[in-house]
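# Breakdown of the fold
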Amino acid sequence: MPRINDHYLKLAAGYLFPEIARRVNAFADANPDASLIKLGIGDVTEPLPAACRQAMIDAVNEMGTPDGFRGYGPEQGYAFLRDKIAEYDYRARGCDVSADEIFVSDGSKCDGGNLLDIMAPPGSGPANTVAVCDPVYPVYVDTNVMAGNTGPADETGRYAGLVYLEMNPANGFEPAIPGTPVDVVYLCYPNNPTGAVASRTALKAWVDYALKHDTLILFDAAYHAFIDDEIPADDGQPVPHSIYEIPGARRCAIELRSFSKNAGFTGTRCAFTVVPKGLTGKDASGGDVELHGLWNRRQSTKFNGVSYVVQRGAEAVYSQDGRAEVDRLTAFYMDNARRIREGLTGAGFTVHGGVHAPYVWVQTPDGLKSWDFFDRLLHDAHVVGTPGSGFGAAGEGFFRLSAFNHRDKVEEALDRIGRCFASAPA
Ligand code: MLT
């Protein structure tokens, strides 16, 4: 009889999005005539860019020829894709990232969880102190629970042992830098779920803190493509797309990125993680060890790479046509976000985000609890969103609406929400 990983038993019953899907499916079964509009999980709705499709078709055909056939690819990703990422995502923005520091993968969610493989397991010496924002993308928390880096959850869902950095309207969704040193901090900008961004000044403060305290920043930039470069951050400077725009970040940060949201690859699967050379952690005897080598070792052993066909599709994101199509897609979703922001504001709601990110963070009216608001929207408006409390205790009283849907669905959802809460918002 195998012993299980008891840490899993500390987790809430279901991961947030499957739990929402379960509730929505139960409602749909009981109300088969209801036409539901989903603005819940951040899953894209618009077709793959033509340039990516054509590149994938060409790659499939190439694989059908004796000369073009390929078996196992490099676990780190093909050079043709890593070179493009280094050139367009980093060098073009003045960031010092080389192709061999880029690890192509099947998703940022997976990489975020897998990175814990190269961190000290519990019981192996002094435990890592891990900090997360609250509200937070639940993957950062749940994977730390699974890895045994926390104690049990309290009644608000917060786990013992994690350091929670609250983001709220009072602090402008800029969490205070911890007063004490932490070993690892997860930052996500543009932020999921609040839609907030970190200014260059704020990110510099994080990098300075990390360099001072030997903290590793895990920087999730999955939504960077939605930044509006015409609208500066609150320090008057352009919103950074990458942590590596900040001097010194190579010595303290790993960055995660994805083709899911910008190029519609949520189903196709392609992402990448940057682990700079020279970035180190400590071994049990206090010696410095390069994380790049450890991550390379981990990936080579546990991962066989993303398929050639999909990597050719991702490469096409950087072609002239691909870039134009991605710009159109991101502009389309951000126009949805603007409509949601303006529509809800007009209906009397207080909203945040939705300017540099495809998420609008809505204050629930009349002090409604997040899940009560979820139920009300589902039952009365047949609209699905994500309860803020699902992202953490500090998300209570908020609700996330995603801008990922067809235009007519977004318009219809706004209309229904407006009618449903015609007199309600306080
Ligand atoms: C979300 O809705 O927060 C995202 O879709 C989750 C993800 O990208 O895994």
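What counts, and at which threshold
- Residues numbered from 1 in each chain as written.
- Predicted model: local features only at pLDDT ≥ 70, side-chain atom pairs only at ≥ 80, totals over all residues.
- Heavy atoms only, no water.
- Helix = DSSP H or I, 4+ residues; strand = E, 2+ residues; numbered from the N terminus.
- Rg over C-alpha atoms; globule rule 2.2 N^0.38 Å.
- Buried < 20%, exposed > 50% of the residue type's maximum accessible area, 1.4 Å probe, protein only.
- Contact = heavy atoms within 4.5 Å.
- Areas by Shrake-Rupley, 256 points an atom, 1.4 Å probe, with all protein chains shown as cover.
- Pairing = 2+ DSSP bridges.
- Axes fitted to C-alpha atoms, helices over the stretch in contact; angles between N-to-C directions.
- Left-handed = near helix turned anticlockwise from the far one by under 90°.
- Nonpolar A, V, L, I, M, F, W, Y, C, P; charged D, E, K, R; others polar.
- 1 Å grid on protein atoms, 1.4 Å probe; cavity = no way out; pocket = protein on both sides within 12 Å on 5 of 7 lines; lining within 4 Å.
- Points joined across faces, edges and corners; volume = space filled by probe spheres on them.

### Observations concerning the overall build of the chain
- Within the chain, the secondary structure is distributed over twelve helices and 15 strands.
- The C-alpha atoms of the chain give a radius of gyration of 22 Å, which matches the 22 Å a tight globule of 426 residues would have.
- The principal-axis extents of the C-alpha atoms in the chain amount to approximately 60 × 60 × 55 Å.
- Here the chain, with 426 residues, has 51% of them falling under the buried criterion.
- Residue pairs at least 24 apart in sequence account for 73% of intrachain contacts in the chain once pairs closer than 6 positions are excluded.
- Surface summary for the chain: the accessible area is close to 18,200 Å², and the carbon and sulfur share equals 52%.

### As for the pairing of strand β15 (residues 398-402)
- For β15, the tally of buried residues reaches five of five residues, placing the bulk of the element in the interior.
- The two faces of β15 match: Phe-398, Arg-400 and Ser-402 on one face and Phe-399 and Leu-401 on the other face are all buried.
- Both strand β12 (residues 359-363) and β15 contribute to a ladder of five bridges, which runs antiparallel. Bridge pairing in β15 links Trp-361 to Arg-400.
- With two bridges joining them, strand β14 (residues 386-387) and β15 adopt antiparallel strand pairing. Looking at β15, one finds that Thr-386 is bridged to Arg-400.

### What to know about the environment of Cys-420
- Examined against the element boundaries, Cys-420 turns out to sit in helix α12 (residues 407-420).
- You can call Cys-420 buried: its relative accessible area is 17%.
- Residues Cys-420 and Ala-381 lie 39 residues apart in sequence; the distance between their C-alpha atoms is 6.2 Å.

### Examining the packing of helix α1 (residues 16-30) against helix α11 (residues 370-381)
- Between α1 and α11, the least distance of the axes is 11 Å, while the angle of their chain directions is 40°. Here α1 and α11 pass one another in a crossing that is right-handed. Residues Leu-16, Ile-20, Arg-23, Val-24 and Phe-27 of α1 lie in contact with α11, whose contacting residues are Trp-371, Phe-374, Leu-378 and His-379.
- Residues of the contact of α1 with α11, tallied by class, amount to seven nonpolar, one polar and one charged.

### Some thoughts on the pairing of strand β5 (residues 184-188)
- Within β5, five of the five residues are buried, leaving the element largely enclosed by the surrounding structure.
- The two faces of β5 match: Val-184, Tyr-186 and Cys-188 on one face and Val-185 and Leu-187 on the other face are all buried.
- The sheet contact formed by strand β3 (residues 130-134) and β5 spans two bridges and is parallel. Residue pairing for β5: Ala-131 is matched across the bridge by Val-185.

### A closer look at empty space enclosed by the protein
- Here the structure, examined in full by the defined rule, presents one cavity of 30 Å³ or more.
- Roughly 40 Å³ of internal volume is contained in the largest cavity.
- If you go around the largest cavity, the residues you meet are Cys-133, Pro-135, Val-136, Tyr-137, Tyr-140, Tyr-186, Leu-187, Cys-188, Asn-191 and Asn-192.
- When residues of the lining of the largest cavity are assigned to their parent elements, the largest contribution, three residues, is made by β5.
- Looking at the lining of the largest cavity residue by residue, the class counts come to eight nonpolar, two polar and no charged.

### Section: the environment of Leu-378
- By the element assignment, Leu-378 lies in helix α11.
- For the pair Leu-378 and Phe-27, spaced 351 residues apart in the sequence, the C-alpha separation amounts to 8.1 Å.
- With near-sequence residues (within four places) excluded, Leu-378 lies in contact with Arg-23, Phe-27, Leu-36, Val-383 and Val-384.

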